[in-house]
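Tertiary structure, described
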Amino acid sequence: MTVAVDNVTKIYTSGMVALERVCVDIEDGTFVSLLGPSGCGKSTLLNMIAGFVDKTEGRIQVDGVDVAGPSGERGMVFQEYALFPWLTAIDNVAFGPRINGVGRDERRELAERYLRMVGLQDHAKKYPYELSGGMKQRVSIARALANKPSILLMDEPFGALDAHTREIMQDELLEIWAQEKKTVIFVTHSVSEAVFLSDRVVLMEANPGRVEHIFDIDLPRPRDRSSDGFAAIERDIHRRMRHR
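Along each chain, residue indices are assigned from 1 in the same order as the chain's sequence is written. Local features in this predicted model are restricted to residues of pLDDT 70 or higher, and side-chain atom pairs are both shown and tallied only at a pLDDT of 80 or more, whereas totals for entire chains, interfaces and linings draw on every residue. As a rule here, side-chain values cover all heavy atoms of the structure and leave hydrogens and water aside.

1. Thoughts on the pattern of salt bridges
For salt bridges, the criterion is a side-chain nitrogen of Lys or Arg within 4 Å of an Asp or Glu carboxyl oxygen. All told, the structure shown has 13 salt bridges when counted by the stated rule. One salt bridge connects Glu20 with Arg210, and the closest N-O pair in it is separated by 2.6 Å. Residue Glu20 is located in strand S2 (residues 17-26), and its partner Arg210 is located in strand S10 (residues 210-216); the two are separated by 190 residues in the primary sequence. Residue exposure (1.4 Å probe, protein chains only): buried if accessible area is under 20% of the type maximum, exposed if over 50%, otherwise partly exposed. Given a relative accessible area of 31%, Arg210 falls into the partly exposed group. Of the charged contacts in the structure, one is a salt bridge between Arg239 and Asp236, with a shortest N-O distance of 3.5 Å. Numbering of helices and strands runs from the N terminus; a helix is a DSSP stretch of H or I covering at least four residues, while a strand is a stretch of E covering at least two.

As structure tokens, then:
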């Protein structure tokens with residue numbers, strides 16, 4: 001599904017301008033990262049696309065239809081795992097389909113499929129407290145996918161993980177994206193993460209939040225973080241961030 005953000009402004013009741021005249025067009029099936037410093041409105045924009053936060057001005061459309069609230073076509077993955085502690089991994093993944101009226105056998109099959117996809121089929125019966133941080137985030141991703149969204153919205157999902165686990169999760173996310181062919185909108189503070197994952201990087205600036213520049217990342221996949229091309233794009237982004 002396509003996403004069109006057209007001249008979107010968000011002003012809170014306190015008078016703070018979180019976003020000002022933001023325009024972004026996201027093509028179907030692409031991986032787009034929202035990158036920038038704290039306070040630039042990345043998460044606010046993501047939550048507006050999700051339908052959790054109302055805009056003050058402008059328009060947000062998904063496949064030409066105005067976003068008027070949350071929808072099952074837009075799945076959300078947060079930095080906080082937000083798993084139900086009283087449910088096992090497989091029951092957490094099956095929760096959305098159960099609420100949506102999917103039959104017991106079908107939702108079990110869905111949950112097993114997505115746990116296999118994230119490599120946790122052998123941990124299906126474990127509770128969240130028995131899982132590592134990386135495992136919990138895998139369950140969160142599987143849970144979002146089990147609802148079969150067309151768009152996956154991810155708000156710094158790997159921010160709380162150690163560097164090694166974070167890189168593993170980045171690789172696994174790209175494998176899932178290649179299989180599922182979904183549109184992904186990914187919020188991050190990390191330039192390296194944005195360049196490694198994305199087709200396009202939307203660089204934002206703060207006070208108020210605006211789009212500073214959009215980078216098309218034309219590096220071949222799979223990407224080599226140590227390549228000259230990768231380093232050149234990182235330098236370009238860092239240079240623009242320092243300038244601002």
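2. A look at the sheet that holds strand S4 (residues 57-62)
Each strand in a sheet pairs with another by means of backbone hydrogen bonds, the pair being arranged parallel or else antiparallel. Strand pairing follows a simple DSSP-based rule, namely that at least 2 bridges must link the two strands. Spatially, S2-S1-S4-S5 is the arrangement adopted by the four strands of the open sheet, whose pairing is antiparallel. Each of the sheet's edge strands pairs with one partner strand only, and the pair in question is S2 and strand S5 (65-66). One ladder, built from six bridges, connects strand S1 (residues 3-11) with S2; its direction is antiparallel. The residue bridging Ile11 from the neighbouring strand is Val17, located in S2. Across the sheet, helix H1 (residues 42-50) touches S1, S2 and S4, and the angle it forms with S1 is around 120°. It only takes one pair of heavy atoms within 4.5 Å for two residues to be counted as in contact. Only the contacting stretch of a helix is used when fitting its axis, a line to C-alpha atoms as for every element, and angles between N-to-C directions run 0 to 180 degrees.

3. Some thoughts on the packing of aromatic side chains
Centres within 6.5 Å are what make two rings of Phe, Tyr or Trp a pair, Trp counting through its six-membered ring; a difference in plane orientation under 30 degrees is then read as stacked, over 60 as edge-to-face, and the rest as tilted. Inspection of the entire model under this criterion finds six aromatic pairs. Where Phe31 meets Phe186, the ring centres are 5.8 Å apart and the plane angle is 40°; that geometry is what we call tilted. Here Phe31 is found in strand S3 (residues 31-35), whereas its partner Phe186 is found in strand S8 (residues 183-188), with 155 residues between them in sequence. Through successive ring pairs, a cluster of aromatic residues spans Phe31, Phe158, Trp177 and Phe186. Sitting over a ring, as applied to charges here, requires NZ of Lys or CZ of Arg to be within 6 Å of the ring centre and within 35 degrees of the ring normal. If you follow Arg225 out to its NZ or CZ, it ends over the ring of Phe196, 3.6 Å from the centre.

4. Remarks on helix H7 (residues 228-243)
Note that an α-helix has 3.6 residues per turn; residues three or four places apart therefore point the same way. Given the number of residues in a helix, its expected span is that number minus one, multiplied by 1.5 Å. In this model, H7 (16 residues) spans 22 Å end to end at C-alpha, consistent with the 22 Å of a helix rising 1.5 Å per residue. Considered for burial, the residues of H7 that qualify are Phe230, Ile233, Glu234 and Ile237. All buried residues of H7 lie within an arc of 100° about the axis, which places them on one face of the element. Exposed residues lying more than 90 degrees from the buried face of H7 are Asp228, Arg242 and His243. Buried residues along H7 sit against S3, helix H6 (191-197), strand S9 (200-205) and S10. What the arc measures is the spread of directions leading from the helix axis to the C-beta atoms.

Limitation: the analysis is restricted to geometry and does not speak to function.
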